[in-house]
Amino acid sequence: MKSTQTSAKSTSAVDEKHDGFTDEERGAMKERAKELRTAARRSPRAAKADAESEVLAKIAEMPEADRVLAERLHDIVKAGAPDLSPRLWYGMPAYAKNGKVVCFFQSAQKFKTRYATFGFSDQAALDEGTMWPTSYALTELTAADEARIGALIKKAVS
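Residues numbered from 1 in each chain as written. Predicted model: local features only at pLDDT ≥ 70, side-chain atom pairs only at ≥ 80, totals over all residues. Heavy atoms only, no water.

S.K.: Would you take a moment to explain the overall build of the protein chain for this structure?
M.R.: Helices and strands together make up the secondary structure of the protein chain, namely five helices and five strands. Each helix (α) and strand (β) of the protein chain, taken in turn from the N terminus, gives the series α-α-α-α-β-β-β-β-β-α. The 158 residues of the protein chain split such that 35% are buried. At a minimum sequence separation of 6, the contacts of the protein chain that also span at least 24 residues come to 47%. Looking at the protein chain as shown, the accessible area adds up to about 10100 Å², and 54% of this sits on carbon and sulfur atoms. (Helix = DSSP H or I, 4+ residues; strand = E, 2+ residues; numbered from the N terminus. Buried < 20%, exposed > 50% of the residue type's maximum accessible area, 1.4 Å probe, protein only. Contact = heavy atoms within 4.5 Å. Areas by Shrake-Rupley, 256 points an atom, 1.4 Å probe, with all protein chains shown as cover.)

S.K.: Sorry, what's going on with helix α5 (residues 143-156) here?
M.R.: Spacing of three or four residues puts side chains on the same side of an α-helix, whose turn is 3.6 residues. A rise of 1.5 Å per residue sets the reference length of α5, with its 14 residues, at 20 Å; its end C-alpha atoms lie 20 Å apart and thus fit the reference within 8%. Those residues of α5 that sit buried are Ile149, Gly150, Leu152, Ile153 and Ala156. An end-on view of α5 places all buried positions within 165° of arc, on one side of the element. Exposed and facing more than 90 degrees away from the buried side of α5 are Ala143, Ala144, Ala147, Arg148 and Lys154. In this structure, the buried side of α5 is in contact with α4 (64-80), β3 (100-106), β4 (116-120) and β5 (135-138). (Expected span 1.5 Å × (residues − 1). Arc of directions from axis to C-beta.)

S.K.: Would you take a moment to explain the nonpolar core for this structure?
M.R.: What tends to happen in soluble globular proteins is that the nonpolar side chains get buried as a cluster. Ranked by size, the top nonpolar core spans 28 residues in total, and within it Leu84, Phe118, Phe120 and Ile153 carry the most contacts. Taken together, the elements giving at least two residues each to this core come down to α3 (44-61), α4, β3, β4, β5 and α5. Ranked by the residues each element gives to this core, the list is headed by α4, at five residues. With near-sequence residues (within four places) excluded, Ile153 lies in contact with Ile76, Val77, Gly80, Ala81, Leu84, Phe118 and Phe120. (Core = buried A, V, L, I, M, F, W, Y, C linked by side-chain atoms within 4.5 Å.)

S.K.: When you look at the side chain of Lys110 in this model, what are you seeing that I'm missing?
M.R.: Relative to the elements of secondary structure, Lys110 occurs in the loop between β3 and β4. The buried category is assigned to Lys110, whose relative accessible area is 15%. Looking at Lys110, its side chain comes within polar contact range of the main-chain oxygen of Tyr90, at 3.2 Å. Apart from the residues lying within four places of it in its own chain, the contact partners of Lys110 are Glu24, Ala28, Glu31, Tyr90, Gly91 and Met92. (Polar contact = N/O pair within 3.5 Å; in protein donor to acceptor, adjacent residues only side chain to side chain.)

S.K.: For this particular structure, what's the right way to read α4?
M.R.: Helix length check: α4 (17 residues) gives 24 Å between terminal C-alpha atoms against 24 Å at 1.5 Å per residue, within 8%. When α4 is considered as a whole, its buried residues turn out to be Asp66, Leu69, Ala70, Leu73, His74, Ile76, Val77 and Gly80.

S.K.: Would you mind showing me how to read the pairing of strand β2 (residues 92-97) here?
M.R.: Side chains on a regular strand alternate between the two faces of the sheet. For β2, a buried count of five out of six residues is recorded, marking the element as mostly surrounded by other parts of the structure. Pairing of strand β1 (residues 85-89) with β2, which is carried by five bridges, proceeds in the antiparallel orientation. Note on β2: the bridge partner recorded for Leu88 is Pro93. Counting the residues in the hairpin turn of β1 and β2 gives two residues, including Tyr90, whose phi is positive at 55°. Examined bridge by bridge, β2 and β3 share four bridges and lie antiparallel to one another. Of the residues in β3, the one forming a bridge with Lys97 is Lys100. Taking the residues between adjacent antiparallel strands as the criterion, β2 and β3 are bridged by two residues, where Asn98 takes a positive phi near 55°. (Pairing = 2+ DSSP bridges.)

S.K.: Is there a simple way to explain the sheet that holds β1 in this structure?
M.R.: Two modes of strand pairing occur in sheets, parallel and antiparallel, and in both the strands are linked by backbone hydrogen bonds. Read from one edge to the other, the open sheet built from five strands follows the order β1-β2-β3-β4-β5, with strand pairing classed as antiparallel. Only two strands of the sheet have a single neighbouring strand rather than two, namely β1 and β5. Along the sheet, successive strands turn relative to each other by an average axial angle of 25°, direction set aside. Examined bridge by bridge, β3 and β4 share four bridges and lie antiparallel to one another. The residue of β4 that forms the bridge with Cys103 is Phe120. (Axes fitted to C-alpha atoms, helices over the stretch in contact; angles between N-to-C directions.)

Rendered as structure tokens:
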């Protein structure tokens, strides 16, 4: 009976300590909470300019490979959908319409993955039949990739 109690204690201690999230996921949640607090303190007019500055600062902090992708994607999004507002979302560069995130960039370094991703939320109008991709792995951006992403962004906000 003692071994059962010990096992239950160690399991609950593990659950309390790790709660099923990785350190990176917990860090992203903390960043999101900070983003919400910061947004609540800003005036609507200052919010847009400050948010873009924060996105550019976050991109500047990225390792070179991710930074190059994020900078190029930022330009593609701004050109293809100027109505989208840059903002941070879980510590990642994201682009929102009417306050709701439509697309985002996730650096490979953020969650220690082998490639960066460019993703779309359920707010993106990308519906195509009964199944369609919502995120794309990126290792580099060719001219064809840039054109495809530009078209996806335009479709997402249509």
